[in-house]
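What follows is the residue order along each chain.
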Amino acid sequence: MAIKYELKHVCKQTGARYGILHTKHGSFETPIFMPVGTKATVKTLENSEIKEASDGLILGNTYHLWLEPGDEIVKDHGGIRGFSKWDGALLTDSGGFQVFSLSDIRKIKEEGVEFRHHKSGAKLFMSPEDSIRIQNNLGADIIMSFDECPPFNSTYEYMKESVERTLRWAKRGQIEHKNTADQALFGIVQGGPHKDLRIMCAEALKEMDFPGYSIGGLSVGESKEEMYKVLDYLKDVMPEDKPRYLMGVGTPDDIIEGVIRGMDMFDCVNPTRLARHGSAMTSLGRIPIKNQLYAKNMEPLDPNCDCKVCTTYTKSYIRHLFKSEEYLGQRLVSYHNLYFLKKLMKNIREAIKNDSLLEFRKKLYRDYYKR
């Protein structure tokens, strides 16, 4: 078996889950946040830094690696792990989100999707079988079914057709998947805001008996209340003995609300994207480090953080790096932001085990969001 999930404790206050996810390349306490390494690299950081600032499970992006350098080249290196010399665990997405979000011209057919290269405009095609084949070549521990991610507020009729097609594609991908001993293929629950479609999709995927399940089609422009409502629909529908992955979610409030609603795994480009624009995530809230306010500030980014950035550099120095357009500033804040989320997840896990997650949520909202 490629992965195994152990449910170790359920928070008596909230029903949040503490567990352990076992993979071929390590075991990981959950809930867990996974940094995004889109093109076989977490932007600005090298592998030793990624290890320090994460729990050791990161993402690669199927669409981008398929286009450049090509999945066959990655395969020749022994997969992403050999290509990038990352020796931790890996998850890849299906490529579906980029197919639908990056292409202005696309045609969805039963066979797959015709679309345009997001840079060159060249015609491309991806089927569920193509997605699985590419992910087999990339060699991640956990891979995703090819799905359609329609706009959240699509008509009910379109959403129903989309969900039914996504389920057919999931079955086709499952049949295509050959590397079941080393790779766990997750099914993806779609359905927009509609309770009946979400539950129908989840139940159908459960019948296919995937080793894990992802929640897709969220954090795509809907309100937080709408997202949380969908997770409420699914909390008691998802299998207890398998991991639940909320795709593309990475703000502290969305993470803790997702955890309370039974989610185990999270990923997002948000912490490194914020960092590249000079925004640091701290225990006292976000800091716009390029602000003149920090020009002479001799304090660390976060007085409550023990990462090597906060124990070494001042806000004044990091601001100087950004104002001087030195890339080291982006690297330092990227490292810190990921470390912040690593520490946040550790504290969330402890609160679950202590049955005190509601108190922790209250403190998070007070300190980070000032409310």
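### Details of the overall build of the protein
Next, step 1: Scanning the protein from terminus to terminus reveals 14 helices and 16 strands.
Next, step 2: Computed over C-alpha atoms, the radius of gyration of the protein comes to 20 Å, within 12% of the 21 Å expected from 2.2 N^0.38 for 371 residues, which places it in the range of a compact globule.
Next, step 3: Counting over 371 residues, the protein shows a buried share of 57%.
Next, step 4: Where the 54 positive side-chain charges of the protein centre and where its 51 negative ones centre are 4 Å apart.

### Some points on the sheet that holds strand S8 (residues 113-116)
Next, step 1: Strand order in the open sheet formed by 3 strands is S7-S8-S9, and the pairing between neighbours is antiparallel. Both outer strands of the open sheet, strand S7 (106-108) and strand S9 (123-126), are each paired with one neighbouring strand and no more. Recorded for the sheet is a direction-independent mean angle of 20 degrees between the axes of neighbouring strands.
Next, step 2: By the bridge criterion, 4 bridges tie S8 to S9 in an arrangement that is antiparallel. Paired with Phe115 across the strands is Leu124, a residue of S9.

### Digging into helix H10 (residues 252-260)
Given 3.6 residues to a turn, an α-helix orients residues that are three or four positions apart in the same direction.
Next, step 1: Of all 9 residues that make up H10, 9 are buried, and the element is covered over most of its length.
Next, step 2: Within the span of H10, buried status applies to Pro252, Asp253, Asp254, Ile255, Ile256, Glu257, Gly258, Val259 and Ile260.
Next, step 3: Where H10 terminates, the next one or two residues include Gly262, which has phi positive at roughly 90 degrees.

### A word on helix H14 (residues 357-368)
Next, step 1: For H14, with 12 residues, the first-to-last C-alpha span of 16 Å sits near the 16 Å given by 1.5 Å per residue.
Next, step 2: Listed as buried for H14 are Leu357, Phe360, Leu364, Tyr365, Asp367 and Tyr368.
Next, step 3: Check the buried side of H14 and you find it contacts H10, strand S15 (279-282), strand S16 (285-288) and helix H13 (327-353).
Next, step 4: Within two residues after H14, Lys370 carries a phi angle of roughly 60 degrees, on the positive side.

### Comments concerning the pairing of strand S2 (residues 17-23)
Next, step 1: Most of S2 sits inside the fold, with 6 of its 7 residues counted as buried.
Next, step 2: Examined bridge by bridge, strand S1 (residues 4-10) and S2 share 6 bridges and lie antiparallel to one another. Each residue of the ladder has a partner; that of Tyr5, found in S2, is Leu21.
Next, step 3: Once S1 ends, the chain turns through 6 residues before running back antiparallel as S2, passing Gly15 with a positive phi of about 85 degrees.
Next, step 4: Linking two consecutive strands that pair antiparallel, namely S2 and strand S3 (residues 26-30), is a turn of 2 residues.

### Observations concerning the side chain of Glu148
Next, step 1: Positionally, Glu148 belongs in the loop between strand S10 (142-144) and helix H7 (156-176).
Next, step 2: Engagement of the side chain of Glu148 in a polar contact is seen with the side chain of Ser162, the distance being 2.9 Å.
Next, step 3: Apart from residues no more than four positions distant in its own chain, Glu148 is found in contact with Phe100, Ile108, Tyr158, Ser162, Arg165, Thr166, Trp169 and Gln190.

### Brief notes about the packing of aromatic side chains
Ring pairs (aromatic) are described by centroid distance and by the angle formed between their planes.
Next, step 1: Applying the stated criterion across every chain, the model contains 9 aromatic pairs.
Next, step 2: Judged by centre distance (6.3 Å) and plane angle (50 degrees), the rings of Trp66 and Phe115 are tilted. Placement of Trp66 in helix H2 (residues 62-67) and of Phe115 in strand S8 is noted, with a sequence separation of 49 residues between them.
Next, step 3: For Phe115, a relative accessible area of 3% gives the class buried.
Next, step 4: Seen from their ring centres, Tyr313 and Tyr317 are 5.3 Å apart, and the 20 degrees between their planes marks the pair as stacked.

About the thresholds
- Sequence order sets the numbering: in each chain, residues are counted from 1 along the sequence as written.
- Reporting in this predicted model follows two pLDDT cut-offs: at least 70 for local features of residues, and 80 or more for side-chain atom pairs to be given and counted; totals over whole chains, interfaces and linings ignore these cut-offs and use all residues.
- For side-chain calculations, the full set of non-hydrogen atoms in the structure is used, while hydrogens and water are omitted.
- Helical segments are the DSSP runs of H or I of at least four residues, strand segments are the runs of E of at least two, and each set is numbered from the N terminus.
- As a reference, a globule follows 2.2 Å times the number of residues to the power 0.38, and the radius of gyration itself is taken over C-alpha atoms.
- Only protein chains enter the area calculation, which uses a 1.4 Å probe; residues under 20% of their type maximum are buried, those over 50% are exposed, and those in between are partly exposed.
- We count Lys and Arg on the positive side and Asp and Glu on the negative side, and we leave His and both chain ends out.
- For the purpose of locating charges, the reference atoms are NZ of Lys, CZ of Arg, CG of Asp and CD of Glu.
- A pair of strands is treated as paired once DSSP finds two or more bridges between them.
- Axes, fitted as lines to C-alpha atoms, cover a helix only where it is in contact. Angles between the N-to-C directions of the axes lie from 0 to 180 degrees.
- A helix's residues, less one, multiplied by 1.5 Å, set its expected span.
- In this description, contact between two residues means that some pair of their heavy atoms is separated by no more than 4.5 Å.
- Pairs of N or O atoms within 3.5 Å make up the polar contacts considered here, provided that, within protein, one atom can donate a hydrogen while the other can accept it, and that residues adjacent in sequence are counted only when both atoms are side-chain atoms.
- The aromatic pairing rule takes the rings of Phe, Tyr and Trp, using the six-membered ring of Trp, and pairs them if the centres are within 6.5 Å, calling planes under 30 degrees apart stacked, those over 60 edge-to-face and the rest tilted.

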